[in-house]
Amino acid sequence: MITNNANPDFNQLKNDALACRLCAPHLPLGPRPIIQCGPVARVLIASQAPGKTAHLSGVPFDDASGERLRNWMGVDATTFYDTTKIAILPMGFCYPGTGNSGDLPPRPECAPAWRRALLEAMPNIELTLAIGRYAQNWHLPQHKKRTLTDTVKAWQEFAPQLAPLPHPSGRNNGWLKKNPWFAEEVVPQLRARISKALAANSGS
């Protein structure tokens, strides 16, 4: 049964997180927290941090990586951006800037300042997608494997509540080509688990 936990406290917490300026001195484009959450969401996407495209648009996964992630999940954009169904809570809420090998790591201030309180305010989450090693370090502190590949390959150990995934970025095209078992084995069961969680959202 879905708990409708919508109340002023949740809205205040979310608004406070969206107004956060803790990391302002460290952000090359300035603070712009980008999260998506609602108190009755059933699926949580725990990602790394918004990219530059998301920072400019204010929309999470507003790029090719979002299209790939939606394909993995088996959902359309309408479902993906429905806060009553899917929450998106990255490890860092703002675009951290770019380094020599891609985007910088998420700022460390976000998680302790906001994530735990927001997660506790979403009691109906049935399935968490832990995307990338930063999210896996947070959500699987005692159970992650030696490498991200090993963690993703061990997905059955974390089912049904959690699904470790690689980042859907084009930078991982080589990884996906080298690991065909991900598309053959992990993606179908991921779609089935998401479909089940979202069906519960509709009361079925």
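Quick caveat, the model's predicted, so the values are computed rather than measured.

**Q** In this structure, what is going on with the overall build of the chain? I would like to understand it.
**A** The helix and strand inventory of the chain stands at nine helices and six strands. For 204 residues, the compact-globule formula gives about 17 Å, and the C-alpha radius of gyration of the chain, at 16 Å, lands near that figure. Residue burial in the chain is summarised as follows: out of 204 residues, 47% are buried. Surface exposure of the chain reaches about 10100 Å², of which carbon and sulfur atoms provide 50%. Across the chain, the mean location of the 22 positive side-chain charges is 5 Å away from that of the 15 negative side-chain charges.

**Q** How do you make sense of the nonpolar core when you look at a structure like this?
**A** A general trend in soluble globular proteins is that nonpolar side chains are found buried together. Counting residues in hydrophobic clusters, the biggest one holds 27 residues, and the most contacted among them are I45, L69, M73, F80, L129, F182 and I194. When residues of this core are traced back to their parent elements, those giving at least two are β1 (43-46), α3 (64-73), β2 (86-88), β5 (127-131), β6 (162-165), α8 (173-178) and α9 (181-201). Looking at this core, the element that brings in the most residues is α9, giving eight residues.

**Q** Looking at this structure, how should I read empty space enclosed by the protein?
**A** Picture a little ball the size of a water molecule; that probe, rolled over the atoms, points out where space is still empty. According to the stated counting rule, one finds one cavity of 30 Å³ or more in the structure shown. In this structure, the largest cavity encloses a volume near 50 Å³. Taken together, C20, R21, L22, C23, A24, L27, P31, P33, F93, C94, C110 and W114 make up the lining of the largest cavity. Its residues placed into classes, the lining of the largest cavity shows 11 nonpolar, no polar and one charged.

**Q** Could you clarify how one ought to interpret the sheet that holds β6 in this entry?
**A** Pairing is parallel across the open sheet formed by four strands, whose spatial order is β2-β1-β5-β6. One side of each edge strand has no neighbouring strand; the edge strands of this open sheet are β2 and β6. Within the sheet, the average angular offset between the axes of one strand and its neighbour, ignoring direction, is 15 degrees. Across four bridges, β5 lies against β6 in parallel orientation.

**Q** Even after reading the chapter, I still don't get the pattern of salt bridges, so can you show me in this structure?
**A** For the coordinates displayed, the defined rule picks out four salt bridges. E157 is the salt-bridge partner of K145, the closest N and O atoms lying 2.8 Å from each other. Residue K145 is found in the loop between α6 (132-139) and α7 (148-153), and its partner E157 is found in the loop between α7 and β6; the two are separated by 12 residues along the sequence. The exposure class assigned to K145 is partly exposed, which follows from its relative accessible area of 31%.

**Q** For this particular structure, what's the right way to read the layout of surface pockets?
**A** In this structure, the largest pocket encloses a volume near 870 Å³. Forming the boundary of the largest pocket are 36 residues, of which Q48, D103, H167, S169 and R171 lie nearest the centre. When contributions to the lining of the largest pocket are tallied by element, the ones reaching two or more residues are α2 (52-57), α3, β4 (102-103) and α6. Partitioning the lining of the largest pocket into residue classes produces 18 nonpolar, 12 polar and six charged.

**Q** Just to check I follow, could you spell out the side chain of R115 for this structure?
**A** By secondary structure assignment, the location of R115 is in helix α5 (residues 110-120). For the buried R115, no salt bridge is present, and the opposite-charge side chain at shortest range is E120, 11 Å distant. With sequence-adjacent residues up to four places away left out, R115 is seen in contact with A46, L89, P90, M91, F93, C110, W138 and H139.

**Q** Quick question: what am I supposed to make of α6 here?
**A** Where α6 is concerned, the buried positions are G132, A135 and Q136. Taken around the axis of α6, the buried residues stretch over an arc of 100 degrees, which confines them to a single face. Along its buried surface, α6 packs onto β1, β5, α7 and β6.

**Q** Got a minute to help me understand unusual backbone geometry in this structure?
**A** Among all residues except glycine, the phi angle is most often negative; among peptide bonds, the trans geometry is most common. Of note, the bond from A159 into P160 is cis; its omega dihedral lies within 30 degrees of zero at 0 degrees. When you line up the elements, P160 lands in the loop between α7 and β6. The backbone of F61 sits at a positive phi, close to 55 degrees, despite the residue not being glycine. Note on placement: F61 falls in the loop between α2 and α3.

Reading the values: the criteria
- Within each chain, residues carry numbers counting from 1 in the order of the written sequence.
- Under the rules for a predicted model, residues below a pLDDT of 70 receive no local features and side-chain atom pairs below 80 are neither given nor counted, while totals for whole chains, interfaces and linings still include all residues.
- Side-chain numbers come from the whole structure's heavy atoms, not from hydrogens or water.
- Elements are defined by DSSP. Helices are runs of H or I of four residues or more, strands are runs of E of two residues or more, and each kind is numbered from the N terminus.
- For the radius of gyration, the atom set is restricted to C-alpha positions; the globular benchmark scales as 2.2 Å times the number of residues to the power 0.38.
- Accessible area is worked out with a 1.4 Å probe on protein chains only. A residue is then buried under 20% of its type maximum, exposed over 50%, and partly exposed in between.
- With residues, only the protein chains shown are counted as cover, and all accessible areas are computed by Shrake-Rupley using a 1.4 Å probe.
- In this tally, Asp and Glu contribute negative charge and Lys and Arg positive charge; neither His nor the terminal groups of the chain are included.
- Where a charge lies is defined by one atom per residue type, namely NZ (Lys), CZ (Arg), CG (Asp) and CD (Glu).
- What we call a nonpolar core is a set of buried Ala, Val, Leu, Ile, Met, Phe, Trp, Tyr and Cys residues that are connected through their side-chain atoms within 4.5 Å.
- The pocket and cavity definitions rest on a 1 Å grid over protein atoms only: a 1.4 Å probe that fits but cannot leave marks a cavity, an open set with protein on both sides within 12 Å along at least five of seven lines marks a pocket, and residues lining either have an atom within 4 Å of a point.
- Grid points are joined across faces, edges and corners, and a volume is the space filled by probe spheres set on the points.
- Note on residue classes: Ala, Val, Leu, Ile, Met, Phe, Trp, Tyr, Cys and Pro are nonpolar, Asp, Glu, Lys and Arg are charged, and everything else, Gly too, is polar.
- The pairing criterion for strands is at least two bridges between them, as found by DSSP.
- Here an angle of 0 to 180 degrees is reported between the N-to-C directions of two axes, which are lines fitted to C-alpha atoms, with helices fitted over the stretch in contact.
- Note on definitions: salt bridges are taken to be side-chain nitrogens of Lys or Arg within 4 Å of carboxyl oxygens of Asp or Glu.
- Only heavy atoms enter the contact rule, under which two residues are in contact if any of them lie within 4.5 Å.
- This arc describes the spread of directions from the helix axis toward the C-beta atoms.

In short, geometric facts, not functional conclusions.
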